[in-house]
Amino acid sequence: MQVTAHHELFTLRDLLRYAVSQFNASKLSFGHGSDNAWDEAAYLLLHTLHLPLDTLEPFLDARVLPEERERFLTLIARRMEERVPAAYLTGEAWLQGHRFVVDQRVIVPRSPISELLSDGLSPWIPDPDDVEFVLDLCTGSGCLAVLAALAFENAQVDAVDFSEHALEVADENIELSGLDGRITTHRSDLFDQLPHCEYQLILCNPPYVNNHSMEALPPEYRHEPTMALAGGEDGMDLVRRLLSAAPNFMAPQGVLILEIGNEYENFIAAFPTLEPVWLSTANTEDQILLLTREQLAS
């Protein structure tokens, strides 16, 4: 695409319409913060113009400067030609109204566990003030650790990942959140290098994509770290280890919140005797489950 050939695009409305048309024609895959061409184009436009992300309407008919137009067109050209997720182009992702810095060292924050944390995991956590120790396994960018620290104001939060590169990003987000006194990062292969603690709450968004699905991933997802996505033949390689070891790190009546994405059938096949509670969010019914220490230890 020749970005210098679009001088007839004068306003935000013009640029937005053009980007949506181009995104649809390019058959992009979404799912890294937005699920459609309009939302993603609007986000990239507002970001490029340094405008608040919730104020598109007042500016739709404002004219853009030539250099602003070229900057936006260059950005959407990369989105189409390289199939890079928008978050990697902008260096940020938004989750539950909070901004997190991201790059290709971590997957793009999008876990629906974040929605449950915004409600303090009610009613499964009766009193958020009573939660003293929280563990976020496979923390990646640290987004869930930060949201957990905000939800449970009296808790110390341990954020664990095996990737040193991911922990560098997590440390940056924790510092930006102002919660670095309450969140500690650890490099550990699940629990293996983690000091013993009895957590009232363990969160985990592990690599769970099965081999067949990994082979069929759209190009956008192939920009993300493979080790943060690939879960083995049935997607349950790490989940098996997690469920086996977790009771040793859980307080009495402690709970585990686990995301398994689209692997419901594989989870049921791998753990036929478990009877988790399936937690619903705005867009999911069978992707997040809750298990108690007592269930896992039996």
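Residues numbered from 1 in each chain as written. Predicted model: local features only at pLDDT ≥ 70, side-chain atom pairs only at ≥ 80, totals over all residues. Heavy atoms only, no water.

- By the naming in an unreviewed UniProt entry, the protein goes by Ribosomal protein uL3 glutamine methyltransferase and is assigned to Pollutimonas subterranea.
- Annotation of the protein in UniProt includes, under Catalytic activity (unreviewed entry), the sentence "L-glutaminyl-[ribosomal protein uL3] + S-adenosyl-L-methionine = N(5)-methyl-L-glutaminyl-[ribosomal protein uL3] + S-adenosyl-L-homocysteine + H(+)".
- If you open the UniProt record of the protein and go to Function (unreviewed entry), you find "Methylates ribosomal protein uL3 on a specific glutamine residue." (UniProt positions renumbered as here; feature names shortened; annotations may be inferred.)

Description of the side chain of N173
Line of reasoning, step 1. Within the secondary structure layout, N173 lies in helix α7 (residues 164-177).
Line of reasoning, step 2. The residues touching N173, leaving out its near neighbours within four places in the chain, are F100, V101, S141 and V146. (Helix = DSSP H or I, 4+ residues; strand = E, 2+ residues; numbered from the N terminus. Contact = heavy atoms within 4.5 Å.)

What to know about the pairing of strand β2 (residues 98-101)
Consecutive side chains of a regular strand alternate in pointing toward one face of the sheet and then the other.
Line of reasoning, step 1. Direction of pairing for strand β1 (residues 92-95) relative to β2: antiparallel, over a ladder of 4 bridges. Bridge pairing in β2 places A93 opposite F100.
Line of reasoning, step 2. Two successive antiparallel strands, β1 and β2, enclose a turn made up of 2 residues, where Q96 displays a positive phi of approximately 50 degrees. (Pairing = 2+ DSSP bridges.)

Remarks on the UniProt feature "domain: Methyltransferase small" (unreviewed entry) in the protein
Line of reasoning, step 1. Here the UniProt feature "domain: Methyltransferase small" (unreviewed entry) sits at residues 133-213.
Line of reasoning, step 2. Secondary structure over residues 133-213 splits into 32% helix and 27% strand, and the C-alpha atoms at its two ends are 35 Å apart.

Considerations on the UniProt feature "domain: Release factor glutamine methyltransferase N-terminal" (unreviewed entry) in the protein
Line of reasoning, step 1. The positions that UniProt labels "domain: Release factor glutamine methyltransferase N-terminal" (unreviewed entry) are, in the present scheme, residues 16-91.
Line of reasoning, step 2. End C-alpha to end C-alpha, residues 16-91 measures 21 Å, and it is 58% helix and 0% strand.

Observations concerning the packing of helix α2 (residues 37-48) against helix α3 (residues 66-81)
The description of two packed helices rests on the angle between their axes and on the distance between the axes.
Line of reasoning, step 1. With their axes 10 Å apart at the nearest point, α2 and α3 run at an angle of 140 degrees to one another. Relative to α3, α2 is oriented oblique. By crossing handedness, the relation of α2 to α3 is classed as right-handed. Where α2 approaches α3, its residues E40, A41, L44, L45 and T48 are matched on the opposing element by E68, R71, F72, L75 and R79.
Line of reasoning, step 2. Here the contact of α2 with α3 is composed, by residue class, of 5 nonpolar, 1 polar and 4 charged. (Axes fitted to C-alpha atoms, helices over the stretch in contact; angles between N-to-C directions. Parallel < 35°, antiparallel > 145°, perpendicular 65-115°, else oblique. Left-handed = near helix turned anticlockwise from the far one by under 90°. Nonpolar A, V, L, I, M, F, W, Y, C, P; charged D, E, K, R; others polar.)

Concerning the packing of aromatic side chains
Line of reasoning, step 1. Within this structure, the stated rule accounts for 4 aromatic pairs.
Line of reasoning, step 2. Taking 4.6 Å as the distance between ring centres and 25 degrees as the angle between the ring planes, the aromatic pair formed by F191 and F249 counts as stacked. Highlighted residues: F191 in the loop between β5 (183-187) and β6 (199-204) and F249 in the loop between α10 (237-245) and β7 (250-259), separated in sequence by 58 residues.
Line of reasoning, step 3. Given the relative accessible area of 5%, F191 is considered buried.
Line of reasoning, step 4. Here F249 falls in the buried class, since its relative accessible area comes to 10%.
Line of reasoning, step 5. Taken together, a centroid distance of 5.8 Å and an interplanar angle of 85 degrees make the contact between F267 and W278 edge-to-face. Of the two residues, F267 sits in helix α11 (residues 264-270) while W278 sits in strand β8 (residues 277-278), which places them 11 residues apart along the sequence.
Line of reasoning, step 6. The class for W278 is partly exposed, based on a relative accessible area of 23%.
Line of reasoning, step 7. Through pairs of rings, three or more aromatic residues link up here, namely Y264, F267, F271 and W278.
Line of reasoning, step 8. A cation sits over an aromatic face here: R187 above F162, 4.7 Å from the ring centre. (Phe/Tyr/Trp six-rings, centres within 6.5 Å; stacked < 30°, edge-to-face > 60°. Buried < 20%, exposed > 50% of the residue type's maximum accessible area, 1.4 Å probe, protein only. Lys NZ or Arg CZ within 6 Å of the ring centre and 35° of its normal.)

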